[in-house]
Amino acid sequence: TACGTGRRAVVARGVHVEARLEELGIVLPPPGGPKANYTSCQRDGDLLYISGQLPAMDADGTLVTGTVGPAGQEGCITLEEGYQSARWCGLNIVATIKGELGDLDR
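Enquirer: Can you help me understand the environment of L28 in this one?
Expert: With respect to the helices and strands, L28 occurs in the loop between α1 (17-23) and β1 (41-44). With 68 residues separating them along the chain, L28 and T96 place their C-alpha atoms 9.5 Å apart. The contact partners of L28, leaving out residues within four places of it in the chain, are L21, L91, V94, A95, K98 and L104.

As structure tokens, then:
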């Protein structure tokens, strides 16, 4: 906290999140809505709680399902598909944050 005020000090950064994403060629998917009876994010003061994020690919909402395992085994996906699923899930989380806050540098 800054001088015991209970508030966090803002540190100036030279990197802006959205500019860096663009630099890396990363395009965020549109924020997805909840797939069941829950809210995908909730604000509480300075905190933002995120829930129910899935590895949905693209705007059509196609879900990656399966377990990382041996190739050719029923219900298994490859290690590379597992990495891509985790990446999609992470991008969906960032898209949800952007949709709620409007600015990723907040």
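Alright, that's what it looks like, and here's the rest.
Enquirer: Whenever I open this one, helix α2 (residues 79-101) confuses me. Can you help?
Expert: Residues spaced three or four apart along an α-helix face the same direction, because each turn holds 3.6 residues. Taking 1.5 Å per residue as the helical rise, α2 with its 23 residues ought to reach 33 Å, and the 33 Å between its terminal C-alpha atoms agrees with that figure. Residues of α2 that are buried include every one of G82, S85, W88, C89, L91, N92, A95 and T96, and no others.

Enquirer: Mind showing me how you'd approach the pairing of β1 here?
Expert: Taken residue by residue, a regular strand's side chains alternate between the two faces of the sheet. Summarising the sheet, β1 and strand β2 (residues 47-50) pair through four bridges and their orientation is antiparallel. Bridge pairing links R43 to L48 in β2. The turn joining β1 and β2, which pair antiparallel and follow one another in sequence, is formed by two residues; a positive phi near 65 degrees is taken by G45.

Cut-offs applied
Residues numbered from 1 in each chain as written. Predicted model: local features only at pLDDT ≥ 70, side-chain atom pairs only at ≥ 80, totals over all residues. Heavy atoms only, no water. Helix = DSSP H or I, 4+ residues; strand = E, 2+ residues; numbered from the N terminus. Contact = heavy atoms within 4.5 Å. Expected span 1.5 Å × (residues − 1). Buried < 20%, exposed > 50% of the residue type's maximum accessible area, 1.4 Å probe, protein only. Pairing = 2+ DSSP bridges.

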